[in-house]
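# Coordinate analysis (summary)
Each chain, letter by letter, is given below.
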Amino acid sequence: MFLAISIILLTLPILFHLIRILRSVLWRPYIIQRHFKKQGITGPGYRPITGNSSESKLKMAEARTRRITSYEYHLGVLQNAIPGYFDWSGIYGKTYLYWFGSTPRLAISDPVMVKEVLMNSNGTFQRLDSNPLSKQLMGDGLLELKGQKWAVHRRIAALALNMEQVKGWVPKMADSVLNMFQNWKEGRGEFEIDVHKEFHTLSADIISRTIFGSSFEEGKRIFQLQEQQMQLFFTSLLNVYIPGFRFLPTKMNRKRWSLNKEIRESIGKLIMETNTRNSRNLLSLLMSSHKNSDGEDEKLGVEEIIDECKTFYVAGKETAANVLTWAVVLLAMNQDWQLKARQEVVELFKDRSTPPTSELVGRLKLISMILNETLRLYTPTPLIVRQVCKDVDIQGIRVPADTHIVSHIISCHYDPEIWGPDSDQFDPERFGRPGKHISAFFPWGLGPRICVGQSFAMVEIKLALAMILRRYAFRLSETYVHSPVNFVTLRPQYGAQIVFTGLDG
Ligand code: HEM
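Only a predicted model underlies this, so the values are computations on that prediction, with no experimental measurement involved. (Residues numbered from 1 in each chain as written. Predicted model: local features only at pLDDT ≥ 70, side-chain atom pairs only at ≥ 80, totals over all residues. Heavy atoms only, no water.)

## What about the overall build of the protein?
Looking only at helices and strands, the protein has 20 helices and 14 strands in total. Relative to the 2.2 N^0.38 estimate, which gives 23 Å for 505 residues, the radius of gyration of the protein is 25 Å and therefore close to what a compact globule would have. With the C-alpha coordinates of the protein rotated into their principal frame, the extents come out at 100 × 55 × 50 Å. The buried share of the protein, reckoned over its 505 residues, is 53%. Partitioning the contacts of the protein with sequence separation of at least 6, the portion at a separation of at least 24 is 74%. Summed over its atoms, the accessible surface of the protein is roughly 23400 Å², and 58% of this surface lies on carbon and sulfur atoms. Taking the average location of the 62 positive side-chain charges in the protein and that of its 50 negative ones, the two points are 5 Å from each other. (Helix = DSSP H or I, 4+ residues; strand = E, 2+ residues; numbered from the N terminus. Rg over C-alpha atoms; globule rule 2.2 N^0.38 Å. Buried < 20%, exposed > 50% of the residue type's maximum accessible area, 1.4 Å probe, protein only. Contact = heavy atoms within 4.5 Å. Areas by Shrake-Rupley, 256 points an atom, 1.4 Å probe, with all protein chains shown as cover. Lys, Arg positive; Asp, Glu negative; His and termini not counted. Charge placed at Lys NZ, Arg CZ, Asp CG, Glu CD.)

Structure, rendered in structure tokens:
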């Protein structure tokens, strides 16, 4: 009798856990799938435990092997950037259900639905809890925070990165571009450069100068360490994440810990040395206190400022460098637009040895249209994921809590119903015309979480592109292979080899 009771007591918790597991990997997915099916939403079908992850991975791997040969039509970009959506939406429609392990994911690309999700500010749709390794990379910066703490950081970051501040940094940004030119050949001879690599260095240089001002050399060294940390993070994304593994003293983990320690200590030291009254660099702006709408003082602590510096580097460097790369690639593919853009620049920047002012950068209308068209076709963040926190209705679809909503931004950008039958062609002119298409353009996201560095990025990229056009003509190298892939951001898989020729005057 005693033995029987002991066995029952021992097996009960095991049985209980087994039932819980079976419920989450079999019963719940079955119920949710049926719930969506009743509303006319289907998809590739749930596979126990892994969901559709292995099919998604296979599609991504196939995308990496694809080369796009037509430079006139860019539909291949969509197929490479979001291969799962490209294939499955063709079978199941624009809105369908797929599975990330045993978590349901509703894939959407209808701009009205995307807006409803991203614009929501009552907390129904939250950014996903991040991988602990990304937390190590960015700390508790804006990209990781939620709730009240996020709101305070957001207000301070928005003030620090507003257009008026950004305008003041134009001379610093121009110095970075001139610095880049020092390694480029002057005169009429041709030379080839992988601009993807070059623009990453440029973008890192610009962000170091604007954040750290006169302590720029030390800042650059700190961000070189953050770059190493970022590369370790990218490597870890290629492997399966094992919970707890990050605490083991492996070679890679020890490297991460020591980088993290050095980065934090070095930024902390610079913060102590910064005088908020005399300098207008980004660091001193983040250190300033502000009054919120209730008249209360808001100020970030040292650790919080360190996290924001790391976040700005990660969020701002990759994205801006990739957009500038794609803009140059597109202008190399479309020589007529390159000529038109240069004409605008030459008319505005009469003397190429005088760096452009913020006022002149603001007058680059054609260049703005070209950049918007680049952001449309080569959106750096092709999709944005949110987690549903409570049962909700999205445009008549009842979505249960804990579902992930995957907004395929780049798919909105290619939709022929919105952008017309030539939606896969490069035509900056469409940004000079009014029309409904503009309301389906979300490269910066939307709503409360919209990119806080938008003005910074736009000014930086416009300035760099204008200064390049003013000095050089360029074309694609024969070695260039057009193969955009989405790895954290949309990037050229084999680099971007461009042949430049110096221009007179
Ligand atoms: C062309 C360049 C850029 C693009 C296309 C871009 C795009 C985006 C997008 C789509 C989001 C929203 C993500 C979401 O809703 O989950 C975002 C957020 C963010 N971006 Fe950018 N970004 C760019 C440049 C920058 C730069 C230069 C900085 C900093 C200097 C920056 C800092 C941030 C931060 C901190 C957030 C998080 C905002 C928050 O959650 O409140 N970005 N960006």
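There is more to say after this.
## Examining the coordination of the iron atom of the ligand
Perfect tetrahedral coordination of a metal by four donors corresponds to 109.5 degrees between them, and perfect octahedral coordination by six donors corresponds to 90 or 180 degrees. Donor atoms from the protein around the iron atom of the ligand number only one, C451 (SG), found at 2.3 Å. Inspection of the secondary structure puts C451 in the loop between α19 (416-419) and α20 (454-471). (Donors = N, O, S within 2.8 Å, 3.2 Å for Na, K, Ca; no water.)

## Topic: unusual backbone geometry
Within the chain, I49 stands out as a residue other than glycine whose phi angle is a positive 70 degrees. Positive phi values are uncommon outside glycine, yet V488 reaches one of about 70 degrees. Its place among the elements puts V488 in the loop between β12 (484-487) and β13 (489-492).

## Overview of the nonpolar core
W184, F199 and F500 are the most contacted members of the largest nonpolar core, which totals 126 residues. With 18 residues, helix α14 (residues 302-333) is the largest single contributor of residues to this core. With near-sequence residues (within four places) excluded, F199 lies in contact with M180, W184, A321, L324, T325, V328 and I468. I32, V114, V117 and L446 belong to the second largest nonpolar core, which has 25 residues in total. (Core = buried A, V, L, I, M, F, W, Y, C linked by side-chain atoms within 4.5 Å.)

## What about the packing of aromatic side chains?
The tally for this structure, following the rule as stated, stands at 24 aromatic pairs. Relative to Y98, the ring of Y96 has its centre 5.9 Å away and its plane inclined at 45 degrees; by these criteria the two rings are tilted. Across the pair, Y98 and Y96 agree in class, each one buried. When the ring of W184 is compared with that of F191, the centres are 6.2 Å apart and the planes differ by 65 degrees; the resulting orientation is edge-to-face. Here the two residues W184 and F191 agree in accessibility, since each one is buried. Taken together through their ring pairs, the aromatic side chains of F181, W184, F191, Y472, F474 and F500 make up a single cluster. The ring of F100 carries the charged tip of R105 above its face, separated from the ring centre by 4.1 Å. (Phe/Tyr/Trp six-rings, centres within 6.5 Å; stacked < 30°, edge-to-face > 60°. Lys NZ or Arg CZ within 6 Å of the ring centre and 35° of its normal.)

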